[in-house]
Structures are given as structure tokens and as C-alpha cells.
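# Secondary and tertiary structure notes
The residues making up each chain are set out below.
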Amino acid sequence: MAYSYLQGVLRRLCNNGHLMCAGCFTHLLADARLRDEMATCPNCRVEISKTVATRNLAVEKAVSELPSECQYCGKEFPRNSLERHEDLFCEERISGCKFSRIGCPWRGPLHETRQHELECTHPHRSGAEVMEALQVIDQQVADERRLYENIFDLLGYEKITFNDLQLKPYRTDEFVHRLFYETSRFSAFNNQWVVKARINNSQKDPTQSTERDISYQLILKTKTTSPLSIHYVILRGPFGDMKINPRIHRFDFSEQENESPYVPLSLPDTAECNRLLSAKTINFRLIMFLASK
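Residues numbered from 1 in each chain as written. Predicted model: local features only at pLDDT ≥ 70, side-chain atom pairs only at ≥ 80, totals over all residues. Heavy atoms only, no water.

Time to look at the overall build of the chain. Counting its regular elements, the chain contains six helices and 16 strands. Within the chain, buried positions represent 38% of all 293 residues. Once local pairs closer than 6 in sequence are excluded, the contacts in the chain between residues at least 24 apart make up 53%. Counting only carbon and sulfur atoms, one obtains 49% of the accessible surface of the chain, whose full area is about 17,500 Å². (Helix = DSSP H or I, 4+ residues; strand = E, 2+ residues; numbered from the N terminus. Buried < 20%, exposed > 50% of the residue type's maximum accessible area, 1.4 Å probe, protein only. Contact = heavy atoms within 4.5 Å. Areas by Shrake-Rupley, 256 points an atom, 1.4 Å probe, with all protein chains shown as cover.)

Bringing the layout of surface pockets into the picture now. Put simply, the largest pocket is a space of about 370 Å³. Lining the largest pocket we find 18 residues, and of these Leu29, Arg33, Ser49, Ser278 and Lys280 sit closest to its centre. Mapped onto the lining of the largest pocket, the elements with two or more residues apiece are α1 (22-35) and β8 (159-171). Within the lining of the largest pocket, the residues separate by chemical class into nine nonpolar, three polar and six charged. (1 Å grid on protein atoms, 1.4 Å probe; cavity = no way out; pocket = protein on both sides within 12 Å on 5 of 7 lines; lining within 4 Å. Points joined across faces, edges and corners; volume = space filled by probe spheres on them. Nonpolar A, V, L, I, M, F, W, Y, C, P; charged D, E, K, R; others polar.)

The next subject is helix α3 (residues 79-89). Given 3.6 residues to a turn, an α-helix orients residues that are three or four positions apart in the same direction. Within the sequence span of α3, burial applies to Leu82, His85 and Glu86. Buried residues along α3 cover an arc of 95° about the axis, so they all sit on one side. Looking at α3, the residues exposed on the side facing more than 90 degrees away from the buried face are Asn80, Glu83 and Arg84. Where α3 is buried, its residues contact β4 (67-69) and β5 (76-78). (Arc of directions from axis to C-beta.)

This part covers the nonpolar core. One finds Trp193, Leu218, Ile230, Leu286 and Met288 to be the most contacted residues of the largest nonpolar core, which totals 36 residues. The element that contributes the greatest number of residues to this core is strand β16 (residues 282-290), accounting for five residues. Discounting residues that sit within four places of it in the chain, Met288 has contacts with Lys159, Ile160, Thr161, Phe186, Ala188, Phe189, Trp193, Leu218, Ile230, His231 and Tyr232. Met20, Leu29, Ala39 and Ile48 belong to the second-largest nonpolar core, a separate cluster that totals eight residues. (Core = buried A, V, L, I, M, F, W, Y, C linked by side-chain atoms within 4.5 Å.)

Once that is clear, we can look at empty space enclosed by the protein. All told, the structure shown has two cavities of 30 Å³ or more when counted by the stated rule. Of the pockets and cavities examined, the largest cavity occupies roughly 40 Å³. Tyr216, Ile234, Ile244, Asn245, Pro246, Arg247, His249, Pro264, Leu265 and Ser266 are the residues that line the largest cavity. What the second largest cavity holds in volume is close to 30 Å³. In the lining of the second largest cavity, the residues fall into six nonpolar, no polar and no charged.

Looking at the element boundaries, Asn200 is found in the loop between β11 (191-199) and β12 (214-220). Classification of Asn200 as buried rests on a relative accessible area of 10%. A distance of 3.1 Å separates the side chain of Asn200 from the backbone oxygen of Glu211, its partner in a polar contact. Among the polar contacts listed, one links the side chain of Asn200 to the backbone nitrogen of Asp213, at a separation of 2.8 Å. (Polar contact = N/O pair within 3.5 Å; in protein donor to acceptor, adjacent residues only side chain to side chain.)

Further remarks concern the packing of α1 against helix α6 (residues 270-278). Each pair of packed helices gets described by two things: the angle between the helix axes and the distance between those axes. Between α1 and α6, the least distance of the axes is 8 Å, while the angle of their chain directions is 60°. Put simply, α1 runs oblique to α6. Like other packed secondary-structure pairs, α1 and α6 cross with a definite hand, here left-handed. Judged by residue contacts, Thr26, His27, Leu29, Ala30, Arg33 and Leu34 of α1 engage Asn274, Arg275, Leu277 and Ser278 from α6. (Axes fitted to C-alpha atoms, helices over the stretch in contact; angles between N-to-C directions. Parallel < 35°, antiparallel > 145°, perpendicular 65-115°, else oblique. Left-handed = near helix turned anticlockwise from the far one by under 90°.)

Take the confidence of the model for the chain next. The predicted model of the chain has a mean per-residue pLDDT of 84, with 87% of residues at 70 or higher. Note on residues 1-8: pLDDT under 50 across the span, and 17 contacts to partners over four residues away in sequence or across chains. (pLDDT = per-residue confidence, 0-100.)

A few words on the state of the cysteines. Here the structure, examined in full by the defined rule, presents zero disulfides. With no disulfide partner, Cys104 has as its closest neighbouring cysteine sulfur the one in Cys120, 3.8 Å distant. The class for Cys104 is buried, based on a relative accessible area of 6%. (Disulfide = S-S within 2.5 Å.)

Once that is clear, we can look at the pairing of strand β14 (residues 249-253). Note on strand geometry: in a regular strand, side chains alternate between the two faces of the sheet. The alternating pattern of β14 places His249, Phe251 and Phe253 on a buried face, while none of Arg250 and Asp252, on the opposite face, is buried. Two elements, strand β13 (residues 228-235) and β14, share five bridges in a ladder whose sense is antiparallel. Of the residues in β14, the one forming a bridge with Leu228 is Phe253. (Pairing = 2+ DSSP bridges.)

For the rest of this paragraph, the subject is α1. For α1, built from 14 residues, the straight-helix expectation of 20 Å at 1.5 Å per residue is met to within 8% by its first-to-last C-alpha distance of 20 Å. The set of residues buried in α1 consists of Phe25, Thr26, Leu29, Ala30, Asp31, Ala32 and Leu34. Two residues or fewer after α1 comes Asp36, characterised by a positive phi angle close to 60°. (Expected span 1.5 Å × (residues − 1).)

In C-alpha cells, the structure reads:
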């Protein structure tokens, strides 16, 4: 068995007992979804699915006691104590300078931090140089504050609606690996809408890429006599488990412009994208705000 199979939560992949870690398992299911194929065990080619796969607790316990190398100091520790060592005790783990808030970019082993801080030149910089570094930090804080302020402003709108939706996969005849998602029609502000999504911005064959992302658009399906200025945001919602960093988007819908641009679904990484692709549907909540005329 390849050592990489031992990383993460182990799953009994098929009825023949072959094992794979949770991350590799979801990647395998995502690839099968993109190819429009039934997922199969890479060892014996038996068909597999989430309903078949189970955790192998006995093997997980044995694996947790195997020695594993610290990514910082190279010493070996039992796997079940490695994370604690790397986070709290390893003197080689990466640390930053306490003067990073005024612009010091230094990062290095924890045991070198004190010596660096004694020699750091940033405390002796001019006020103008310090202000330059603080402006970068202030901009980051301002961006976060603007997001919250926008949310509170939108909550003051007269017309607000939300829908708990499911993105379901579909394909076109153009290319079998080109996977799309679409919701059923739903009502908001006396109109009919759908949400569409695509993988890797419609890359011809996403199975050839290790990096994956999802982007989506909001589409007005009924005719409107007057423009609709819509703000919208996707959240995890009560029926989903999507890990998402919410982003507010805005588009003015009209009879001529009834499709918003595609915007990224703000997922943390490719692993989360694969996890969503491995599911039969993607559940989420869409909140829409209609600006008054």
C-alpha cells in the first residue's frame, strides 16, 4: 500500500477492503463526476460510492501510532501527537517578527525569533516608513469593515428574499468532461430565476488539472418591464455544509441583460471543490436584495 494512502481519515474504499484516505477518495469521486463515469476502486476496479465506503477505525488507530516526520525539525513522532508538536513545541516551526505590524517581513524558525527581534531595524525606522506599512494593514481592515457595512446596509432594504437551493449536475453534447450545474427555477421579487455554475471556467477537461474551482451566475428567466438592481450572496445555509467565504455581488438585470457575469464561488481550496463535486447535489442558500427605485 502506498504511504500516501495513510494520510487523513482512512476509508474502506470497496467491498474487497482496499483503503484510501478521505482526500484521495473525494478526488476520485470528483474525477468520476467530471468524466460522467461510475467511480471504481483503483486497486480492483470494483464500483465504489459514498454509501459503500466506511471508516476503518482499527487501521486508523494503528496508523495514528506510526512514526511520522515533523515538517520543521525532521524528528519522528507518533502521528497522533505530531500536530500538537508542530503547533506548540517544535523550536523549528515558522514564526514571525513582533514588529510585523510596522512592516517587518521576516519569518523564520521560532528559536531565531528573539535574536532577530533584538537586531530588527524596523523599530528604528522613520515615522513615514512606519506609516507606509500601517497603511497596508489599514487597507485590509477597511476592506473587512466595508464588507460588514455593506451587509448591514443591505439588511435595511425593504425587499429581501432568500431561497435554499440545490445545484444539480448536467452536461452538454459539446464535450463529456465539461460539467455544468444548474438549480431549478425559483421565485424572487415576482420573477423566476436560476443559478448556473461551471468548473474551472469551462476548461475543456478539468480532470487534467489538479487545481479546481467553481464559478456561478444568476439568471433572470422572466421578462421584466423595468430594471432590477440586485445584490446577491451565497451562504452555506441550513441544508448544506459548504465551506465558503461569502462575497456580495451586484448586477442590474433588464430585458436585454438578464444574465450576470460568472463570479467565483469563494471556496478555501481545491479539496473543498472536490468535496462538493463528489456529492450528488450542492446545497446552499441564496440571499437577494432588491434596491428601491
